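# A look at the structure
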Protein chains: 2
Amino acid sequence: MLNTVQIKEKINQAGERLTPQRIEILKYLRSVTCHPTAEIIYTEVKKNIPTISLGTIYRNLIYLVTKGYIIQFQNNDNITCYDGNPKDHIHFICQKCNKVHDIFETPTIDKAKFDKLGIINKVEYKVFGVCTECNQ
Amino acid sequence: MLNTVQIKEKINQAGERLTPQRIEILKYLRSVTCHPTAEIIYTEVKKNIPTISLGTIYRNLIYLVTKGYIIQFQNNDNITCYDGNPKDHIHFICQKCNKVHDIFETPTIDKAKFDKLGIINKVEYKVFGVCTECNQ
DNA sequence: AAATTACTAGTAATGATTATCAATAACTAT
DNA sequence: ATAGTTATTGATAATCATTACTAGTAATTT
């Protein structure tokens, strides 16, 4: 996992600025294993930067997703969730409690089939079901 | 592909009613290979049932998804799209033109890994990229 | 240290989706 | 067939996650 210095090195590029807000959002997402919504990230980052606004959260999340530092996906209620681990993996989403579990396995697909269709930028694998806790 | 009689047989169950609106929405989705939004479905079904309302479209789409007659997923703009083919398959989504291509292949995953987590109800595989047409 | 401009905070606007409710019509039982 | 039950519809209002806007601020460059 990247430390703050590494984040600084990685995130800063020509024409882009390294703001405390941007660092804090990425640091938070890298520090948790859950898959928070923008609203939750807002609540949590606010503890360290009380004046941060929700718009800043959204803007930076878009930035971090675009840059590939984090992953985004929609949960069962179609709310966008974020994952600080950008490595391809499967999300198991409980349809009752909406909790998300990571499965660190990449399904094997026939890449050749996609070559005709175009260039692949990212994949998203979701599995919906009911977790063991909710299935009592 | 189901014909109208088969749809009637399949769709009607105790406590549920077979309305012309419901039939028409399913018939439309079964007749196309594209992946329309609720708005597009509204426009198309309206040609046959001019008085149908958008709320009825949404309500029946939820019904059809719940029953497993159709599939839903979010496109690159996070708008819900619908697929009249409920068989598991991969969606290749162009990030430029938002067009969706079907890949009739099911990635193999280690089901055992999910047994610990809970019961699987459905899977959703999406691949984002740029289609050959947009990549000129 | 000054200049440039990407970024922020605060707020308003957007728009897909859901909720509401009286009227209707699909189904059931007689 | 007919009447009764209630799932569904049409129309409209409400919701709320997300985006747009703007003047002020601060990160970076020169």
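Residues numbered from 1 in each chain as written. Chains lettered and ligands numbered in written order. Predicted model: local features only at pLDDT ≥ 70, side-chain atom pairs only at ≥ 80, totals over all residues. Heavy atoms only, no water.

For chain A, the name recorded in an unreviewed UniProt entry is Transcriptional repressor. Among the UniProt annotations of chain A, the heading Sequence similarities (unreviewed entry) holds the following wording: "Belongs to the Fur family." (UniProt positions renumbered as here; feature names shortened; annotations may be inferred.)

## Looking at the overall build of chain A
Broken down by element type, chain A carries five helices and five strands. The order of α-helices and β-strands along chain A, N terminus first, is α-α-α-α-β-β-β-β-α-β. Counting only residues that meet the buried cut, chain A has 45% of its 136 residues in that class. Across chain A, contacts joining residues at least 24 apart in sequence account for 47% of those joining residues at least 6 apart. Summing over all exposed atoms, chain A offers an accessible surface of approximately 7400 Å²; the carbon and sulfur share of this is 51%. The average position of the 18 basic charges and that of the 14 acidic charges among the side chains of chain A differ by 5 Å. (Helix = DSSP H or I, 4+ residues; strand = E, 2+ residues; numbered from the N terminus. Buried < 20%, exposed > 50% of the residue type's maximum accessible area, 1.4 Å probe, protein only. Contact = heavy atoms within 4.5 Å. Areas by Shrake-Rupley, 256 points an atom, 1.4 Å probe, with all protein chains shown as cover. Lys, Arg positive; Asp, Glu negative; His and termini not counted. Charge placed at Lys NZ, Arg CZ, Asp CG, Glu CD.)

## Observations concerning the relation of the copies chain A and chain B
Of the transformation superimposing chain A on chain B, the axial component is 0.0 Å and the angular component is 180 degrees, with the fit at an RMSD of 0.0 Å. Taken together, the rotation and translation describe the operation of a two-fold axis. When C-alpha positions in chain A are compared against the rotation axis, the closest is assigned to A:Tyr125, at 2.3 Å. (Least-squares fit on C-alpha atoms with pLDDT ≥ 70 in both.)

## Observations regarding the domain arrangement of chain A
Residue and element names in this part refer to chain A. When its domains are assigned, chain A resolves into domain 1 (4-83) and domain 2 (90-129). Of the residues lining the interface, nine residues belong to domain 1; the matching set on domain 2 comes to nine residues. Where domain 1 abuts domain 2, roughly 810 Å² becomes buried across the two surfaces, and 47% of that area is made up of carbon and sulfur atoms. Among the residues of domain 1 in contact with domain 2, His35, Phe73 and Asn76 are the three that bury the most area, contributing 58% of the side total. (Domains from an automatic or database assignment. Buried area = accessible area lost by both parts, 1.4 Å probe.)

## Observations regarding the protein's contact with DNA strand C
Contacts to DNA strand C come from 20 residues, most closely from A:Arg17, A:Thr56, B:Leu18, B:Tyr58 and B:Thr80. When the atoms of DNA strand C within 4 Å of the protein are sorted by group, sugar and phosphate make up 70%. In this structure, A:Gln21 approaches DNA strand C through a side-chain N or O atom, which is 2.9 Å from a sugar or linking oxygen. One of the backbone N or O atoms of B:Leu18 is found 2.6 Å from a phosphate oxygen in DNA strand C. Breaking the surface near DNA strand C down by element, the ones donating at least two residues are helix 2 (20-31) and helix 4 (54-67) of chain A together with helix 4 (54-67) of chain B. For the surface near DNA strand C, the element with the highest residue contribution is helix 4 of chain A, accounting for three residues. Of the residues in the surface near DNA strand C, the class split is six nonpolar, nine polar and five charged. (Near = heavy atom within 4 Å. Polar contact = N/O pair within 3.5 Å; in protein donor to acceptor, adjacent residues only side chain to side chain. Nonpolar A, V, L, I, M, F, W, Y, C, P; charged D, E, K, R; others polar.)

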